[in-house]
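The residues making up each chain are set out below.
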Amino acid sequence: MTVRVMDVMGLVAIAVRPEATFAELVATMRRFKVGAVAVIDAEGRPVGVVSEADLLLKEIAAQSGPPSGEDVREKPGRTAGELMSRPALTVTRQTPVREAARLMHANRIKQLPVVDAASGKIAGTVHQADLLKVFIRPAADILTEMADAVADLGLNTGGLTITIEGSVVRVEGRVARRSQIAALVEAGRRIEGVVDVEADIAYDRDDVLSASSARL
């Protein structure tokens, strides 16, 4: 059974309007103990996100002052609409938890607004901690299954190093053919408890390029 965002999400939509001030943004983050808030339009649709990093950059700009020659009347962003990053990354209630976790991992974020698939309006928030509950599994079990996957693909286990951190598997080493890398990554992603697989693997022969050239 596929676990979806709706199974783990929080029903509180952590969001502000574009006109929210710097102080209101800080207060919202403190109240909900989060590192970012969604910015929504008048219809309740996410249009951007303001993170702690965005607020920090604003403060740095304010304290540094304008560069030489810049109009001193130009003010750093003071509202959510001015500070936010666009576009807002979102998921729906039906998004598989594994997909949401990979989106967070790829973008180095810890929460995502959940939107209604039909209207696009914000419906809640899903946090990294919510997703990780689904992936809690002993690292030793995951490493054993990864080793089995390597063996099933006929790869030389002695040529690969496999580690795991935070439900993300990392594989380093060398294989005979380039196509084996994609096969190994896909096999790892199918293992229960794995959020993603990062591969830093060299190869002896590029059979992917050879196959593409043969079709031309």
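Going by the structure above, here's the rest.
What this report covers is the structure whose coordinates are included nearby. Each residue is numbered by its place in its chain's sequence as written, counting from 1. Reporting of local features is limited, given that this is a predicted model, to residues whose pLDDT is at least 70; pairs of side-chain atoms are given and counted only at 80 or more, and all residues count toward the totals for whole chains, interfaces and linings. Here the side-chain values reflect all heavy atoms present in the structure, with hydrogen atoms and water set aside.

## Description of the overall build of the protein chain
Only runs of H or I of at least four residues qualify as helices and only runs of E of at least two qualify as strands under DSSP, and these elements are numbered from the N terminus. If you tally the helices and strands in the protein chain, you get eight helices and nine strands. Think of it in three bands: with a 1.4 Å probe and only protein chains considered, a residue is buried below 20% of the maximum accessible area for its type, exposed above 50%, and partly exposed in between. For the protein chain, the proportion of its 216 residues judged to be buried stands at 35%. Only heavy atoms matter for contacts: two residues are in contact if any of them lie within 4.5 Å across the pair. Considering only contacts within the protein chain whose residues lie at least 6 apart along the sequence, 61% involve residues at least 24 apart. Roughly 12,600 Å² of accessible area belongs to the protein chain as shown, and the carbon and sulfur atoms make up 52% of that amount. Throughout, the Shrake-Rupley method with a 1.4 Å probe supplies accessible areas, and for residues the shown protein chains are the sole cover considered.

## Points about the sheet that holds strand E8 (residues 168–177)
By the convention used here, strands pair only if DSSP detects at least 2 bridges between them. The strand order across the open sheet built from three strands is E7-E8-E9, with neighbouring strands paired in mixed fashion. The strands lining the two open edges of the sheet, one partner per strand, are strand E7 (160–165) and strand E9 (196–205). Between one strand and the next, the sheet's axes are offset by a mean angle of 15 degrees, whatever the strand orientation. The pairing of E7 with E8 spans six bridges and is antiparallel. Each residue of the ladder has a partner; that of Ile-162, found in E8, is Val-171. Axis lines are fitted to C-alpha atoms, over the contacting stretch for helices. Their N-to-C directions set the angle, which ranges from 0 to 180 degrees.

## Structural notes on the layout of surface pockets
In this structure, the largest pocket occupies an estimated 480 Å³ of space. Around the largest pocket, the lining is made up of 26 residues, and of these Ala-36, Val-49, Ile-109, Lys-110 and Gln-111 lie nearest the centre. Sorting the residues of the lining of the largest pocket by element identifies strand E2 (36–40), strand E3 (46–51), helix H2 (52–64), strand E5 (111–115) and strand E6 (122–127) as the ones contributing at least two each. Here the residues of the lining of the largest pocket sort into 15 nonpolar, six polar and five charged. The way it works is a 1 Å grid over only the protein atoms, where trapped points that fit a 1.4 Å probe form a cavity and open points with protein on both sides within 12 Å along at least five of seven lines form a pocket, and then any residue with an atom within 4 Å of a point lines it. Grid points are joined across faces, edges and corners, and a volume is the space filled by probe spheres set on the points. In this classification, Asp, Glu, Lys and Arg are treated as charged, Ala, Val, Leu, Ile, Met, Phe, Trp, Tyr, Cys and Pro as nonpolar, and every other residue, Gly included, as polar.

## Regarding helix H7 (residues 179–189)
Within the span of H7, buried status applies to Gln-180, Ile-181, Leu-184, Val-185, Ala-187 and Gly-188. Along the axis of H7, the buried residues cluster in a sector spanning 165 degrees; they form a single face. Buried residues along H7 sit in contact with helix H6 (139–152), E7, E8 and E9. Directions drawn from the helix axis to the C-beta atoms are what define this arc.

## Some words on the packing of helix H4 (residues 97–107) against helix H5 (residues 128–135)
The geometry of H4 relative to H5 is characterised by a closest axis approach of 10 Å and an angle of 125 degrees between their N-to-C directions. Overall, the two elements H4 and H5 adopt an arrangement that is oblique. Crossing hand, H4 versus H5: left-handed. Residues Val-97, Arg-98, Ala-100, Ala-101 and Met-104 of H4 form the contact with H5, whose own contacting residues are Gln-128, Leu-131, Val-134 and Phe-135. Class assignment for the residues of the contact of H4 with H5 results in seven nonpolar, one polar and one charged. Roughly parallel covers angles under 35 degrees, roughly antiparallel covers those over 145, roughly perpendicular covers 65 to 115, and oblique covers all other angles. A clockwise turn of the near helix away from the far one marks a right-handed crossing, whereas an anticlockwise turn of less than a right angle marks a left-handed crossing.

## Observations concerning the pairing of E8
The antiparallel pairing of E7 with E8 creates a hairpin that spans two residues between the two strands, and Gly-166 there sits at a positive phi of about 60 degrees. For E8 and E9, the ladder comprises nine bridges, and the chain directions are parallel. The residue of E9 that forms the bridge with Arg-174 is Ala-202. Seen with the strands pointing away from the viewer, any crossover whose path from the first strand over the helix to the second strand runs clockwise is right-handed. A crossover connection joins E8 to the parallel E9 through H7; in handedness this β-α-β unit is right-handed.

## Side note on the pattern of salt bridges
Salt bridge, as applied in this entry: a Lys or Arg side-chain nitrogen positioned within 4 Å of an Asp or Glu carboxyl oxygen. For the structure on display, the rule yields 11 salt bridges. The residue Arg-93 makes a salt bridge to Asp-116 at a minimum N-O spacing of 3.2 Å. Of the two residues, Arg-93 sits in the loop between strand E4 (91–92) and H4 while Asp-116 sits in the loop between E5 and E6, which places them 23 residues apart along the sequence. Note on Arg-93: relative accessible area 34%, which makes it partly exposed. Taking the relative accessible area as the measure of exposure, Asp-116 reaches 25% and is therefore partly exposed. Measuring nitrogen to oxygen at the nearest pair gives 2.6 Å for the salt bridge that ties Arg-174 to Asp-204. Here Arg-174, found in strand E8, pairs with Asp-204, found in strand E9; they are 30 residues apart in sequence, far enough to count as distant. The class of Asp-204 is exposed, set by a relative accessible area of 55%. A single salt-bridge network, built from bridges that share partners, covers Arg-170, Glu-172, Glu-198 and Asp-200.

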